[in-house]
Amino acid sequence: MNKPFSLLLIILVSFLSGQLSAQEFEIKGNIVDKTDNTSLESATVYLQTLKDSTLITYTISDNKGRFELAGRTKQKEANLFVTFTGFKVYQKKIKLDKPVITLPEIGMELATDELDAVQITAIKAPITVKKDTLEFNADSFKTRPDATVEDLIKKLPGVEVDSDGKIKVNGKEVNQILVSGKPFFGNDPKIATKNLTKEIVDKIQVTTTKSDSEKFTGKESTSENQTINIELKEDQNKGFFGRATVSGGTDERYAMSGIGNYFNDKQRLSVLASKNNINSSGFSFDEIYDMMGSAGGGVSWSDNGSFTIGGQTFGGGQGITTSTNAGASFVDEYEDKTEIAADYFYSSADSENENRVERENILPDGSFFTNSRSTFLNRNDNHRANANLQFEIDSTFKVIFRPNFQFSEGENFSSRNEESLEEDGTVINRGESQNRTDSERRNFRSNLYVIKKFGDKGAYLQVGANGNFINNASDNFLNTTNEIFGTTPSIETRDQLTDSESKQNTIAANVEYRIPLKAKKLFLDLEYRFSNRRERNDRRVFDFDNGTNAYDDFNESLSSDLKVNFQTHSPRIGINYSGEKLRLGVTTGLLLSELENEELIQNTTVRSTFKDINVNSYMSYNIKQGMSVYFNYNTRTQAPTAQQLQPVANVSNPLNITIGNPNLNREFNHDFYANFNNYDYKTKSGFFVWMNGGVTNDRIVPLSVTDENRIRTTTFTNVDGIYRLNGGGSFNKTIKKDSTSFGYRVGLYGNINKEINFSNGVEFSTKRNEITPSISFTYNYKEILEIEPNYYVSFNTTRYSLANLDNETFQTHTAGLKTTTYWPKNIVFGNDLRYTYRTNVAPGFERSALFWNMSLGLKVLKEKGTIKLTAYDLLDQNINTRRSITADFIQDSQSTVLQRYFMLGFTYKISKIGGDKSGFEVF
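Residues numbered from 1 in each chain as written. Predicted model: local features only at pLDDT ≥ 70, side-chain atom pairs only at ≥ 80, totals over all residues. Heavy atoms only, no water.

Novice: Break down the overall build of the protein for me, with residues and values.
Specialist: From N to C terminus, the protein includes six helices and 52 strands. With respect to the three principal axes, the spread of C-alpha positions in the protein is 95 × 75 × 60 Å. In the protein, buried positions account for 48% of the 923 residues. Within the protein, counting contacts between residues at least 6 apart in sequence, those at least 24 apart form 64% of the total. Total accessible area on the protein stands at roughly 42400 Å², and carbon and sulfur atoms take up 53% of it. (Helix = DSSP H or I, 4+ residues; strand = E, 2+ residues; numbered from the N terminus. Buried < 20%, exposed > 50% of the residue type's maximum accessible area, 1.4 Å probe, protein only. Contact = heavy atoms within 4.5 Å. Areas by Shrake-Rupley, 256 points an atom, 1.4 Å probe, with all protein chains shown as cover.)

Novice: Got a sec to walk through the pairing of strand β27 (residues 427-454)? Specific residues and values, please.
Specialist: Strand direction decides the pairing type here: strand β26 (residues 397-421) and β27, joined by 25 bridges, are antiparallel. Residue pairing in the sheet places S408 in a bridge with R441 of β27. Looking at chain direction, β27 and strand β28 (residues 459-484) are connected through 26 bridges and run antiparallel. Considered in β28, the bridge of N429 is made with I484. The loop that links β27 with its antiparallel partner β28 comprises four residues; one of these, G455, has a positive phi angle of about 70 degrees. (Pairing = 2+ DSSP bridges.)

Novice: Quick one: what's the story with a nonpolar patch on the surface, residue by residue and with numbers?
Specialist: Together, F829, L856, L858, L861, I867, L869, L904 and F906 make up an exposed nonpolar region whose accessible area comes to about 690 Å². For the nonpolar patch, the elements supplying multiple residues, two or more each, are β48 (848-860), β49 (865-872) and β52 (901-913). Mapped onto the secondary structure, L904 falls in strand β52. (Patch = residues over 30% accessible without salt bridge, like charges linked within 9 Å, V, L, I, M, F, W, Y side chains within 5 Å. Salt bridge = Lys/Arg side-chain N within 4 Å of Asp/Glu carboxyl O.)

Novice: So what's going on with unusual backbone geometry? Residues and values would help.
Specialist: In this chain, W823 is followed by P824 through a cis amide linkage whose omega measures -5 degrees. Relative to the elements of secondary structure, P824 occurs in the loop between β46 (808-821) and β47 (827-838). For D265, which is not glycine, the phi torsion reads 60 degrees and is therefore positive. Structurally, D265 is set in the loop between β18 (254-264) and β19 (267-276). The phi dihedral of L861 falls on the positive side, at around 55 degrees, and the residue is not glycine. The topology assignment puts L861 in the loop between β48 and β49. Its relative accessible area of 54% is what places L861 among the exposed residues.

Novice: How would you sum up the pairing of strand β24 (residues 339-363)? Please name residues and give values.
Specialist: Looking at chain direction, strand β23 (residues 320-333) and β24 are connected through 14 bridges and run antiparallel. Looking at β24, one finds that N325 is bridged to S347. Hairpin connection between β23 and β24: a loop of five residues separates the two successive antiparallel strands, and K337 in this loop has a positive phi of roughly 70 degrees. Here 25 bridges tie β24 to strand β25 (residues 366-394), and the two strands are oriented antiparallel to one another. Bridging across to β25, D350 finds its partner in R379. From the end of β24 to the start of β25, which pair antiparallel, there are two residues. The pairing of β24 with strand β51 (residues 889-895) spans seven bridges and is classified as antiparallel.

Novice: Describe in detail the pattern of salt bridges, supporting the description with residues and values.
Specialist: Applying the stated criterion to the full structure yields 44 salt bridges. Where R533 meets E535, a salt bridge forms, and the shortest distance between an N and an O atom there is 3.4 Å. We note a salt bridge from D671 to R724, for which the minimum N-O separation is 3.1 Å. Here the residue D671 occupies a position in strand β38 (residues 667-680), and R724 occupies one in strand β42 (residues 722-737), the gap between them amounting to 53 residues. What you see here is one network of salt bridges that share partners, running through K182, K266, E333 and E339.

Novice: So what about the sheet that holds strand β2 (residues 44-48)? Which residues, and what values?
Specialist: If you walk across this open sheet you meet the four strands as β3-β2-β5-β6, and the pairing is antiparallel. In this open sheet, the two strands that pair with only one neighbour each are β3 (55-60) and β6 (90-95). Ignoring which end each strand starts from, the neighbouring axes of this sheet average 20 degrees apart. (Axes fitted to C-alpha atoms, helices over the stretch in contact; angles between N-to-C directions.)

Novice: I'd like a rundown of the environment of R66, residues and numbers included.
Specialist: With respect to the secondary-structure elements, R66 resides in strand β4 (residues 66-73). Considered as a pair, R66 and D806 are 740 residues apart in the sequence and their alpha carbons are 59 Å apart. The residues touching R66, leaving out its near neighbours within four places in the chain, are G29, N30, I60 and S61.

Novice: Break down the environment of L497 for me, with residues and values.
Specialist: Examined against the element boundaries, L497 turns out to sit in strand β29 (residues 490-518). Overall, L497 belongs to the buried group, its relative accessible area being 15%. Sequence separation between L497 and E409 is 88 residues, and the spatial gap between their C-alpha atoms is 18 Å. For L497, the contacting residues outside a window of four places in its chain are D475, N476, F477, R540, V541, F542 and Y551.

Novice: Can you break down the packing of aromatic side chains residue by residue, with the values?
Specialist: Under the definition given, this model contains 17 aromatic pairs. Between Y58 and F141 the ring centres are 6.2 Å apart and the planes differ by 85 degrees, which places this aromatic pair in the edge-to-face class. Remark: F141 occurs in the loop between β10 (133-137) and α3 (149-155) and Y58 occurs in strand β3; sequence separation between them is 83 residues. Here the aromatic rings of Y679 and Y681 are separated by 5.0 Å at their centres, their planes lie at 70 degrees, and the arrangement is edge-to-face. Per residue, the accessibility class of Y679 equals that of Y681, and both read buried. (Phe/Tyr/Trp six-rings, centres within 6.5 Å; stacked < 30°, edge-to-face > 60°.)

Set out below in structure tokens:
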């Protein structure tokens, strides 16, 4: 019998025998303040083993002070603890000799002196509730010795971490990770969770995300996003630690990355760098799957081939990208309460991609088909610098300044062959094009806030100003040949240079004054907002002149010089209430806007003014601990872009010509969002449902006309009747028995959308429905085996109002299995399988694929080093087939993807932590 099978058999037998010998128990009781006999809500009740103080289970008391502590264990006796902020710790040894144990009323005594405070600090509850903050004691949640913060977060109740590292708490997305209350390397939370180790963490705090000004003024946040703050252990917040990885593989694949951190109390310096050609961001230091590259996780792709990491877009994605990244981050706080957080990030990408597309184009009286093949070669370099400066003049006066600068330059080349066919296969037209663009983009933006508080009842005055200044310049060389067949065949060629320069300057200001109507509970808010966006888009087209052998023949009909000015004024008034359980606010006012655009070459001017009612409202109600409901309704406007307004033809693709419409109105949107969540600490289960939707008036949509040669010309217009509705829910539960845990999650997502579009000038509607049920499991056996299977299926239906079109229905099935073993000691073996099946794609495109990654790691050098052998796409089945359905076409596409390779890598960890200020090691 082979060793892996023997190991699994031993684990299974051990688990079953453990289940048989373990006994279920339930402990009931009531907690009160001994002084006045009032009930204590949200007291933490937990059970620990006598031998090594391992956490068995825990719960939280309800609003009447009652608790029910249920679990399963082999222990015959255990220590029961009850903790509540400001009270002495209650401790009692109890026998677990009955299925149900009812305790007499527990009276908690106030902590009155320093010794009591020391006791409260020494004995830490696994979870503590502090008003709107959940606090988890890191040492109460057991993980393997080399675990990262992400591994720890996965153990916390109500917390989900998906394969991309995105975190949700009770269904609410975490959009900010702080380390000891300060940003860690900008706004990318995964750099912190995947690189900081669990051993240096004291506690994890979860709270509603607040802006810096909301934190200072005490104003309640209207956001439902969550912030996780990683508090470091006091003796671990000084020192140096880091990791470095070097890997090489078959097919000339390689990856190198490293990160180093120096912590000295409130001062922190971090540096990182990476280079690879496996489509990886380089900063996912997970011990198992780090050097496998990306199959979509952690890196996002768009239809036009762009490649995005941490909010930075570069390259032509979907294909194979060689990326280089480097950056540094600095945080410090000075004695005068001045705070600084700054970071710099450089990214470079060279990418190559080949794309094949088959598209059915929808017309009122039938369809025609377009087949194309494209090649993309792109190089892009990006620089980004951020700073957050905060000056606290005194306890009532603060100044916040946040500048940001970005610079990027790129060279992008594409070639395309395209042909259009009638339904019977007759070729209508054929085109070839080559396109090269050299571009530069500069973007500077800044925010300034000056805040003054008055008294202690919540009054304040805030004056804010922000600016965003963008300057783009590009040279585009276009060479096309377009052949028209039929009764009047023709051939058209273009050889042009388009010299473009666009500037967009936006300035905005706001004044907000809060008047307390009832101290710290009811407020009147007066506000005025102003914004002005000025845009200049100068586009000069030159045809190639054979006589001068240069691009100097100015093409006035295709050139444009457009000026756009969009200005808004918004006086507003609001009422906000902030109680213990209920928070709500309604702000309304006028939104006065003016849109003016002037075309200097074509000599046209259009001016439009709008008067709208602007509404922002929200309501949040905490029904009880772990259960809450939230709702918001907002209105917003969206001005058309310069490209949508510019009244000249863009012929970069001669078979698909685009012309702007200078008479466009602004869009006006009504949006709402609602959720309900409930986490039961007794059953370790949580339930979350949400819904959002919106209606748009004057939606800007394309208006296309296709001539008899199937050449499409598209402009833009405004329509009403657009709506969207999305919703979903999930239920998760964890069953824990000593060091073994089993969890599952079932979810359901759905959406309904209605769009209005035009085909050959005929207006029609498209309704799209999607419903996606899902289920996933997690099993952890004593931190030596992890099994994570999952499955979801997406049902999609598209209905058209055009009588000649049939409804489109298809499904996508995805099943995954991830297994990780940490046995024998110092060996890590991981497998990640994902099977995808699509029911309806065009002939010649792959319907299904089994994607399998495998990794074997060996820890060496006293577990400071790891040697890893990884296999990416072991079965060589990775594909990038996608079906896209829009209002006027159905498209199947397939692009270049990273395929099977093997890689051997070495990771080394360096650490010098614990207050020793001498001899820091450097790697």
